[in-house]
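# Results of the structural survey
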Amino acid sequence: MLSSNHTGTMTLAATAPVTILAIESSCDETSCAISRDGLILANIIAGQAVHEQYGGVVPELASRAHMQNIVPVVDAAMKKAGIAMTELNAIAFTQAPGLIGSLLVGSQFAKSLAMSLGIPLLAVHHMQAHVLANLIPGVATPATTGAATADSGNSAATGANPPQAAAMAAGASTPLPSFPFLCLTVSGGHTQIVVAHSPLKLEVIGETLDDAAGEAFDKSAKLLGLPYPGGPLIDKYAREGSPGRFTFPEPQIPGLNFSFSGLKTAILYFLRDQKAKDPDFVTKNLPDICASIQGRIISILLNKLKKAARETGIKDLCIAGGVSANSGLRKAFRETGESLGWRTFIPAFEYCTDNAAMIAITGYYHYLAGDFARLSASASARADW
Ligand code: KG4
Ligand code: ZN
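None of the values given here were measured: they were computed from a predicted structure.

## Focus on the packing of helix 1 (residues 59-81) against helix 2 (residues 100-117)
Between two packed helices, what matters for the description is the angle formed by their axes and the separation of those axes. Contact pair helix 1 / helix 2: the axes reach a minimum separation of 8 Å and the direction vectors enclose 30°. The angle between the axes of helix 1 and helix 2 places the two elements in the roughly parallel class. Crossing angle aside, the handedness with which helix 1 passes helix 2 is right-handed. For the pair formed by helix 1 and helix 2, the contact residues are Ala62, Ser63, His66, Met67, Ile70, Val71 and Val74 on the first element and Gly101, Ser102, Val105, Gly106 and Phe109 on the second.

What follows is the structure, given as structure tokens:
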């Protein structure tokens, strides 16, 4: 088992298991997970269909739905994990960033539970948690060359990361990335390239200057008349289409930063011109349009990731966040990794979009470091690293 001494150093010691209940409520998913020594026992996620009709998340409706969902979701997670409240050692929650009304529901619930059980509170940064989804034992998919997959020099095997060693000892079989690793985090609100020096020392080395990759998907989908969230629908139609059929521009942004607003404008004018010639253009060409848009978003993302890998010399690469559920991105990331000799890691689908399992694993690392939050810790819409 694992414990942390007063300096926050992680050590292996013969202590009782650490069981954490984690809550995620930063946007429009209410989720509760239970972890024991870093292994996920339950991860329940309730979505909110109410936003579909509005073409985007309506903050007021989101917080109201969180209030309705939170008790049943926590209850279902406890039942699935088969544990009693008295077995919990800490409560983790998403503190920031996100929609403030949504964050408040989860954070108030977490604080009340921690206070009533007399156990510590762990405040988690949502974007850091997306990165650490790649450290959830048994779920990071090794998707590399045979040589890299056979490599036993990962953290779990070397003991560089004690929770991973414990997870492997407890039966998790998949290799996990070694530190330092690079992570491309692509969600509805963020697009970042992060160097993970250690579980709690993460450094953003590139980010979007305007729209996030998820927004590029969702806004393109809206222009095509598809409902929110459009990312998964573009993914679905793109599977039947040809990415080379239409060409959209790749922005020339210096360094490791991204920009997606020009792509959105290019798509807007392209569709306007094509529809002027043929009002049924979108209906007739939907798979090819989706494949071409998706192909350009992927090439923008992977070109910057390749540059980051070249500049840092890091060979363990991960993707994370809602857009990492995209089948085209997952495939292109694996293929790029194979051709460049990277070890590539992708979270399981359920840990790509918003979920509390990633909050639990990040909370666990805070627990091991002795990094507890005060009951006065407040939720925040924005957050630095
Ligand atoms: O990480 P996430 O669940 O929430 C945020 O923290 O933002 O990401 C949501 C984003 C949305 O923009 C959604 O359209 C996108 O992830 N997304 C996808 C796919 N699944 C979710 N984008 C493209 N392809 C997908 N399969
Ligand atoms: Zn997210």
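## Some remarks on the nonpolar core
Burial of nonpolar side chains together is a common tendency in soluble globular proteins. Membership of the largest hydrophobic core comes to 46 residues, with the highest contact counts inside it found for Leu224, Phe260 and Leu301. Among the secondary structure elements, those contributing two or more residues to this core are strand 9 (181-186), strand 10 (191-198), helix 7 (213-223), helix 8 (231-238), helix 9 (261-277), helix 10 (281-312), strand 12 (316-320) and helix 11 (327-340). Among the elements that take part in this core, helix 10 stands out by supplying 15 residues, more than any other. Sequence-distant contacts of Leu224, defined by excluding residues within four places in its chain, comprise Leu271, Val282, Leu286, Ile289, Cys290 and Ile293. Of all hydrophobic cores here, the second largest spans 33 residues; its members include Val131, Cys183, Ile359 and Leu368.

## Description of the site of ligand 1
As a matter of local geometry, ligand 1 sits amid 19 residues, with Gly188, Asp218, Asp235, Gly322 and Asn326 nearest to it. One nitrogen or oxygen atom from the main chain of Asp354 is found 3.1 Å from an oxygen atom belonging to ligand 1. Protein chains bury 89% of the 550 Å² of accessible surface belonging to ligand 1 in isolation. Considering only residue class, the shell around ligand 1 consists of five nonpolar, 11 polar and three charged.

## A look at the coordination of the zinc ion (ligand 2)
Distances from the zinc ion (ligand 2) to its protein donors, namely His126 (NE2), His130 (NE2) and Asp354 (OD), fall within the range 2.0 to 2.1 Å. Around the zinc ion (ligand 2), the four donor atoms sit at angles spanning 94 to 142°, and that spread fits a shape best called irregular. Positions of the donor residues of the zinc ion (ligand 2) along the chain correspond to the pattern H-x3-H-x223-D. One end of the pair, His126, is in helix 3 (residues 126-132); the other, Asp354, is in the loop between strand 13 (343-346) and helix 12 (357-368), and 228 residues separate them in sequence. With a relative accessible area of 5%, His126 lands in the buried category.

## Concerning the pairing of strand 10
The element strand 10 is extensively covered by neighbouring structure, given that six of its eight residues are classed as buried. What sits between the antiparallel neighbours strand 9 and strand 10 is a turn of four residues. For strand 10 and strand 11 (residues 201-207), the ladder comprises six bridges, and the chain directions are antiparallel. The partner of Ala196 across the bridge, within strand 11, is Leu202. Count of turn residues in the strand 10/strand 11 antiparallel hairpin: two residues.

## Observations regarding the sheet that holds strand 6 (residues 90-96)
The strand order 5-4-3-6-7 describes an open sheet built from five strands, whose pairing is mixed. The sheet terminates laterally at strand 5 (39-46) and strand 7 (121-125), the two strands that pair on one side only. Taking the axes of each pair of neighbouring strands and ignoring which way they run, one obtains an average angle of 20° across the sheet. For strand 6 and strand 7, the ladder comprises five bridges, and the chain directions are parallel. Bridging from a neighbouring strand, Ala96 pairs with His125 of strand 7.

Parameters at a glance
- Residues numbered from 1 in each chain as written.
- Chains lettered and ligands numbered in written order.
- Predicted model: local features only at pLDDT ≥ 70, side-chain atom pairs only at ≥ 80, totals over all residues.
- Heavy atoms only, no water.
- Axes fitted to C-alpha atoms, helices over the stretch in contact; angles between N-to-C directions.
- Helix = DSSP H or I, 4+ residues; strand = E, 2+ residues; numbered from the N terminus.
- Parallel < 35°, antiparallel > 145°, perpendicular 65-115°, else oblique.
- Left-handed = near helix turned anticlockwise from the far one by under 90°.
- Contact = heavy atoms within 4.5 Å.
- Core = buried A, V, L, I, M, F, W, Y, C linked by side-chain atoms within 4.5 Å.
- Buried < 20%, exposed > 50% of the residue type's maximum accessible area, 1.4 Å probe, protein only.
- Near = heavy atom within 4 Å.
- Polar contact = N/O pair within 3.5 Å; in protein donor to acceptor, adjacent residues only side chain to side chain.
- Areas by Shrake-Rupley, 256 points an atom, 1.4 Å probe, with all protein chains shown as cover.
- Nonpolar A, V, L, I, M, F, W, Y, C, P; charged D, E, K, R; others polar.
- Donors = N, O, S within 2.8 Å, 3.2 Å for Na, K, Ca; no water.
- Tetrahedral: all angles 85-135°; square planar, octahedral: opposite > 155°, others 65-115°.
- Pairing = 2+ DSSP bridges.

Fair warning: the whole summary comes from geometry, so function is off the table for now.
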